[in-house]
Amino acid sequence: MENLVYPLLSFIPALLNLGIFVYLVLFVPRVKTTDIFCFFVLFLLLWQAEDTIVRLCDTADTALFWVRIFCIGWGGCAPIIFHFACRYTSLKSFYTRFSLVCIYLPFILFYLLYVASSNTNIFTHRSGWNWIVTPRQGTADGLQRLFISAYVIGAVIILFRYAFKMRNQKRKRLQALFIAGGIFIPTVQGIITQIVYPVILHKPDIPITSSFLTLFSVATFLSMRKYNLFNISESVDLMTVLANLKNIVLVVSPNQQIIYINPYGQEILAKERTDGEEFSISSIFASLSYYNAFATEALAPSLDGTRITDYVTVFKTRSGKKIDILLSAELITNNKQVQGLLLVANDVTELSGTLRDLEKSNKELEQFAHVASHDLQEPLRKMTTYLHRLEIEYKDKIDEKAMKYIRIAVNSGNQMRNLIHDILEYSNIAANNENSGSTDMNEVMEKVIKTLALQLEESRAQIVSNRLPVLQKTNATQMQQLLQNLLSNGLKYRSDKKPYIKIYAEDLGEYWRFAVEDNGIGIHPEYREKVFVVFQRLHSKSQYPGTGIGLSICKKIIEQHGGRIWVDSNVEGGCTFFFTVPKYPGREDLHMQ
Ligand code: ADP
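Residues numbered from 1 in each chain as written. Predicted model: local features only at pLDDT ≥ 70, side-chain atom pairs only at ≥ 80, totals over all residues. Heavy atoms only, no water.

**Details of the site of the ligand**
Then step 1. As a matter of local geometry, the ligand sits amid 21 residues, with N489, Y493, D518, R537 and L551 nearest to it.
Then step 2. Here an oxygen atom of the ligand sits 2.8 Å away from a polar atom, N or O, in the side chain of N489.
Then step 3. In the model, an oxygen atom of the ligand is placed 3.0 Å from a nitrogen or oxygen of the K492 side chain.
Then step 4. Contact with the protein chains hides 98% of the accessible area of the ligand, taken as 530 Å² for the molecule alone.
Then step 5. Sorting the residues of the shell around the ligand by element identifies α17 (476-492), α18 (550-560) and β15 (575-582) as the ones contributing at least two each.
Then step 6. Here the element with the most residues in the shell around the ligand is α17; it accounts for three residues.
Then step 7. Its residues assigned to classes, the shell around the ligand shows nine nonpolar, nine polar and three charged. (Near = heavy atom within 4 Å. Polar contact = N/O pair within 3.5 Å; in protein donor to acceptor, adjacent residues only side chain to side chain. Areas by Shrake-Rupley, 256 points an atom, 1.4 Å probe, with all protein chains shown as cover. Helix = DSSP H or I, 4+ residues; strand = E, 2+ residues; numbered from the N terminus. Nonpolar A, V, L, I, M, F, W, Y, C, P; charged D, E, K, R; others polar.)

Written as structure tokens, this is what we have:
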């Protein structure tokens, strides 16, 4: 009875693993990670079968016979665990074909050496355990065990590192920790009893690692059932996705033949072609010039490895209709060999039509605002002039009450004049969208200070400006207007402190970020967006005069230059207006945050 305890120590875990193996094969969705895990369970099963049988054998010869059959189990577990860890954590460079050869080849060699030997002196006899395998002097056995420990330690590190990386995703982290813990305990135990003991201390090992490894299979199996997270993308069939996609997907070979087109693309571009027939990419463009532009601006760079996004062009449908296309292109490589280009194209004809209509109506509106405000100036000027005359020439003939009415009318007329002036300025920005010259912002600053000299003196304001950059392709007049609006607001919305305004610019790589910082009344966070909307004011005209257009003008100028403008509060009161200007205009997409 006592002799049965030792075989049962490996037989019971073997039964458990058999159960897991059958369950995996029958009921778990087939993906690469579970396949590798299945292999691990199978190899562990073989190892445990070996341990069980060896403990039941009477002679060393029969034990050797069975060991030579089953030893693939214990030899194969370590590389499979390592492979599993890499696959599970998506360490792609470790499961390329070459890496897999490197992972498995040493173990195949070890296995062949092992099987080739017919030496029974691999066994030490100990009561109960019966035959215990010990590394033989002068063979590769010790080296093999060192290899095994390196692989499992590697797997433990990879799994814990992954769990750490997933620290913000609770379910993934728990699953990874469960699996890592499942391998960590048998690893420590195995290294002590099966490597340190026989290889370093030259004592017979204690063959319980196969039983302990059941912890790994059980932990992985349970976490797989509980968290069910093994790479879902492996379960999704790529062809089904492509077939259902409402985008045109093409694969173009390096010699510019279309070697794949998805059903949607086929329907739009090439229905009459038979399936699988290659055709030239140039044939789907609306004209040769579109194709030529595509070839130099998108095809050539993407073949060099640059990812192209949002490229605009025009295709021709199978019925000859032109469609506007927005496409992206990416190089497909496999094992460092260029396979072709993946093009994903969207038909944006409807969208660009709407955009064109919108642009047209915007232009019309701008023109309308311009003409209306321009034409309103003249009658308004006449009205205020004659009211003014009335005030001066008839001041003795009319009573005080009538005089008061006239003054109110003159004031309103003046306000209206300011408003019309600002609306005109606003509509002029779109009309003057020539951003061609380079602008030295230091010179612009000097001009602004000169223009605001009177207000600056009156308010005894202090203006501090760092050395500012020279901007490429900008409209100097608009830049002056921008700084002037921001600076005069800084003076107008001052607090009871002496106004202090600081202007500086920071180099943020692709763009400059300017800041105009004041110590005025500040803007409540709630209104930080609102102040940039036309006619939006936070104060009454009696508190602070104004039209509510100044900041909208700033916004329009900056957007026309491909930048962004926003406002933030300062800790010590007041606010800072920030705006960005691209350093290399025409490449704004790089710079938007
Ligand atoms: P206006 O000054 O003619 O009212 P703006 O468009 O220049 O129009 O400004 C909109 C609103 O934003 C202002 O009414 C004011 O309330 C607020 N504002 C602008 N600049 C500042 C500033 N530097 N400090 C505090 N509030 C400001």
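Here the narrative resumes, following the displayed structure.
**Things to note about the pattern of salt bridges**
Then step 1. Tallying each qualifying case throughout the model produces ten salt bridges.
Then step 2. Residue D51 pairs with R55 through a salt bridge whose shortest N-O separation is 3.6 Å. Here D51 and its partner R55 are both found in helix α2 (residues 32-56), four residues apart, which amounts to about one turn of the helix. Just as D51 is buried, R55 falls in that class too.
Then step 3. The shortest N-O distance in the salt bridge between E559 and K555 comes to 3.4 Å. Placement of both E559 and K555 in helix α18 is noted, with a separation of four residues, approximately one turn of the helix.
Then step 4. On the accessibility criterion, K555 (30% relative accessible area) is partly exposed. (Salt bridge = Lys/Arg side-chain N within 4 Å of Asp/Glu carboxyl O. Buried < 20%, exposed > 50% of the residue type's maximum accessible area, 1.4 Å probe, protein only.)

**A closer look at the state of the cysteines**
Then step 1. A complete count under the given rule lists zero disulfides for this structure.
Then step 2. Left without a disulfide partner, C57 is nearest to the cysteine sulfur of C71, which lies 14 Å away.
Then step 3. Free of any disulfide, C575 has its nearest neighbouring cysteine sulfur in C554, separated by 12 Å.
Then step 4. Overall, C575 belongs to the buried group, its relative accessible area being 5%. (Disulfide = S-S within 2.5 Å.)

**So, the nonpolar core**
Then step 1. Ranked by size, the top nonpolar core spans 56 residues in total, and within it L24, F37, F40, I81, F123, L213 and F216 carry the most contacts.
Then step 2. Excluding anything up to four places from it in sequence, I81 contacts F40, V152, A155, I183, L213 and F216.
Then step 3. V444, F514, I553 and V567 belong to the second largest nonpolar core, which has 36 residues in total. (Core = buried A, V, L, I, M, F, W, Y, C linked by side-chain atoms within 4.5 Å. Contact = heavy atoms within 4.5 Å.)

**Considering the domain arrangement of the protein chain**
Then step 1. Each domain of the protein chain was delimited in the assignment, giving domain 1 (2-227), domain 2 (239-347), domain 3 (367-431) and domain 4 (436-593).
Then step 2. Placing a centre on the C-alpha atoms of domain 1 and another on those of domain 4 gives a separation of 68 Å. (Domains from an automatic or database assignment.)

**Points about the packing of helix α6 (residues 141-165) against helix α7 (residues 170-200)**
Then step 1. Axis separation between α6 and α7 bottoms out at 9 Å; the angle between their running directions is 160 degrees. In terms of axis orientation, α6 runs roughly antiparallel to α7. Here α6 and α7 pass one another in a crossing that is left-handed. (Axes fitted to C-alpha atoms, helices over the stretch in contact; angles between N-to-C directions. Parallel < 35°, antiparallel > 145°, perpendicular 65-115°, else oblique. Left-handed = near helix turned anticlockwise from the far one by under 90°.)

**Digging into the packing of aromatic side chains**
Then step 1. In this structure the tally under the stated criterion is 29 aromatic pairs.
Then step 2. Ring centres of W566 and F578 lie 5.4 Å apart, and the angle between their planes is 20 degrees; on these two criteria the pair is classed as stacked. Residue W566 is located in strand β14 (residues 565-569), and its partner F578 is located in strand β15; the two are separated by twelve residues in the primary sequence.
Then step 3. Relative accessible area serves as the criterion here: at 17%, W566 is assigned to the buried category.
Then step 4. Judged by relative accessible area, which is 12%, F578 ranks as buried. (Phe/Tyr/Trp six-rings, centres within 6.5 Å; stacked < 30°, edge-to-face > 60°.)

**Some remarks on the sheet that holds β14**
Hydrogen bonds along the backbone pair up the strands of a sheet, which may run parallel or antiparallel.
Then step 1. The five strands lie next to each other as β10-β12-β13-β15-β14, forming an open sheet whose pairing is mixed. Two strands close off the open sheet at either side, each with one partner strand: β10 (462-465) and β14. Taking the axes of each pair of neighbouring strands and ignoring which way they run, one obtains an average angle of 15 degrees across the sheet.
Then step 2. Where β10 and strand β12 (residues 500-507) come together, four bridges link them in parallel fashion. Bridged to I463 within β12 is I501.
Then step 3. Of the strands in this sheet, β14 and β15 are in contact with α18, which crosses β15 at around 25 degrees. (Pairing = 2+ DSSP bridges.)

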